[in-house]
Amino acid sequence: MKWKRASKGYIDEPLIEYLEKVFDEEIEKGYEIKVCIGTDSKRRGVGYQFATAIIITLSENIGKDRFGRDIFKGKGGMIIGATYFDATQKKGKEGVKERMMKEVSKTIEIACEISPLLDLYDIKLEVHADINPDVKFDSNKALSEAVGYMLGMGYDFKVKPDAWAASKGADKLC
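The shown structure was predicted, so the numbers you read here are calculated from the model rather than taken from an experiment.

Here is what the cut-offs are and how they apply
For every chain, the first residue of the written sequence is number 1, and numbering continues from 1 onward in sequence order. Only residues with pLDDT of at least 70 are given local features in this predicted model, and only at 80 or more are side-chain atom pairs given and counted; all residues enter the totals for whole chains, interfaces and linings. Side-chain metrics in this entry use all non-hydrogen atoms of the structure; hydrogen atoms and water are not considered. Throughout, exposure labels follow a simple rule: accessible area from a 1.4 Å probe, protein chains only, divided by the maximum for the residue type, with under 20% read as buried, over 50% as exposed, and the rest as partly exposed. Only runs of H or I of at least four residues qualify as helices and only runs of E of at least two qualify as strands under DSSP, and these elements are numbered from the N terminus. Contacts are residue-level and defined by heavy atoms, with any inter-residue pair within 4.5 Å sufficient. To count toward a patch, a residue needs a relative accessible area above 30% and no salt bridge. Like charges then connect within 9 Å, nonpolar side chains (Val, Leu, Ile, Met, Phe, Trp, Tyr) within 5 Å. The protein chains shown are the only cover counted for residues, whose accessible areas, like all others here, come from Shrake-Rupley with a 1.4 Å probe. Salt bridges are counted wherever a side-chain nitrogen of Lys or Arg sits within 4 Å of a carboxyl oxygen of Asp or Glu. Counted as positive: Lys and Arg. Counted as negative: Asp and Glu. His and the chain ends are not counted at all. Positions of charges follow a simple convention, taking NZ of Lys, CZ of Arg, CG of Asp or CD of Glu. Each direction from the helix axis to a C-beta atom contributes to the arc, which is the arc of those directions. In plain words, nonpolar cores are sets of buried Ala, Val, Leu, Ile, Met, Phe, Trp, Tyr and Cys residues tied together by side-chain atoms within 4.5 Å. The axes used here are C-alpha line fits, helices contributing only the stretch in contact, and every angle between their N-to-C directions lies in the interval 0 to 180 degrees. Each angle receives one of four descriptions, namely roughly parallel if under 35 degrees, roughly antiparallel if over 145, roughly perpendicular if within 65 to 115, and oblique otherwise. In this scheme the handedness of a crossing depends on how the near helix is turned from the far one: anticlockwise by less than a right angle means left-handed, clockwise means right-handed. Under this grouping Gly is polar, as are all residues other than the nonpolar Ala, Val, Leu, Ile, Met, Phe, Trp, Tyr, Cys and Pro and the charged Asp, Glu, Lys and Arg. Classification of ring pairs rests on two measures: the distance between centres of Phe, Tyr or Trp rings, Trp counted by its six-membered ring, which must be within 6.5 Å, and the angle between planes, read as stacked under 30 degrees, edge-to-face over 60 and tilted in between. Two limits define a charge over a ring: the Lys NZ or Arg CZ must be within 6 Å of the ring centre, and within 35 degrees of the ring normal.

Caption draft 1: Representation of helix α4 (residues 164-173) in the model. For α4, the set of buried residues is A165, A166, S167, G169 and A170. Contacts from the buried residues of α4 go to β3 (32-44), β4 (47-64) and β6 (124-129).

Take a look at the structure:
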């Protein structure tokens, strides 16, 4: 996949090396880092455009509250994304479950790729699935399978409406 930083253009080095530089810079500034990964897809002509977003959020510990809990102030973040096209996906409602699982699989694939680096830096990771828990929506057909997959892989996960890396970040890249 050809990765691109939303505000800076294409990344001309391996993803892991790039992320390591970003983490070093942000940790040196004193920021806490969290990474969320999500994938979304949109119908495009004869197939589907898929986009995977790695969203890095930054925050600063500004003290403790009266109960001794850490207080964090948001310091922004960055989006790193990649898109690809698949003309083999089934169209319409019969292909929804397969497409949702493809989104989750791509998210898990990228999470597995960068997890060793995140573990090295002790950075929290969440995987986000653009799947609606409400049975009125077609994406719900993949919910139990997707949740089982994400749990089985041992990742913290979110589904709609809390899966913003997929439903907002990756959606914009599509």
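Having seen the model, we can carry on.
Caption draft 2: A look at a negative patch on the surface. A contiguous patch of negative charge, built from E17, E20, D24, E25 and E28, is present on the exposed surface. Looking at the secondary structure, you find E20 in helix α1 (residues 15-28).

Caption draft 3: Focus on helix α3 (residues 143-152). Of all the residues in α3, the buried ones are L143, A146, V147 and M150. Buried residues of α3, viewed axially, fall in a sector of 95 degrees; they line one side. Turned more than 90 degrees from where α3 packs its buried face, S144 and G152 sit exposed. On its buried face, α3 sits against α2 (96-121), β6 and β7 (156-159). Directly beyond the C-terminal end of α3, a positive phi value near 85 degrees is found at G154.

Caption draft 4: Quick peek at the nonpolar core. Core analysis: the biggest nonpolar cluster contains 39 residues, and F23, V35, I54, I56 and I80 have the highest contact counts within it. Looking at this core, the elements with two or more residues in it are α1, β3, β4, β5 (70-86), α2, β6 and α3. Considering every element that reaches this core, the biggest residue donor is α2, with 11 residues. Beyond its immediate stretch of four places on either side in the chain, I56 contacts L19, V22, F23, I33, K34, V35, G76, G77, M78 and I80.

Caption draft 5: Layout of the packing of α2 against α3. Packing of α2 against α3 brings their axes to within 10 Å, and their N-to-C directions diverge by 15 degrees. Judged by the angle between their axes, α2 and α3 are roughly parallel. As α2 packs across α3, the resulting crossing turns out to be right-handed. Note on element contacts: α3 touches α2 through E145, A146, Y149 and M150, opposite K97, M101, V104, S105 and I108. Across the contact of α2 with α3, the residue classes break down as 6 nonpolar, 1 polar and 2 charged.

Caption draft 6: Inspection of the side chain of E103 at higher detail. Structurally, E103 is set in helix α2. In this view, E103 contacts T39, D40, S41, F50 and D130; residues no more than four positions away in its chain are not counted.

Caption draft 7: Examining the environment of I110 more closely. Here I110 lies in helix α2. By relative accessible area, which is 1% here, I110 ends up buried. In this structure the C-alpha to C-alpha distance between I110 and T39, which are 71 residues apart in sequence, comes to 10.0 Å. With residues near it in sequence (within four places) discarded, I110 still touches M1, W3, I37, T52 and I54.

Caption draft 8: Summary view of the packing of aromatic side chains. Throughout the structure, instances matching the rule amount to 2 aromatic pairs. An angle of 65 degrees between the planes, with centres 5.6 Å apart, marks the rings of F23 and Y121 as edge-to-face. In this pair, F23 sits in helix α1 while Y121 sits in helix α2, placing the two residues 98 residues apart along the sequence. Note on accessibility: F23 and Y121 belong to one class, buried. Each ring, one from F50 and one from Y84, has its centre 5.3 Å from the other, and the planes form 10 degrees; the classification is stacked. Of the two residues, F50 is situated in strand β4 and Y84 in strand β5; the sequence distance between them amounts to 34 residues. As far as the burial class goes, F50 and Y84 line up, both buried. One Lys or Arg, K4, reaches over the ring of Y10 and ends 5.4 Å from the middle of that ring. Of note, K106 hangs over the ring of Y84, and the distance from its end group to the ring centre comes to 5.2 Å.

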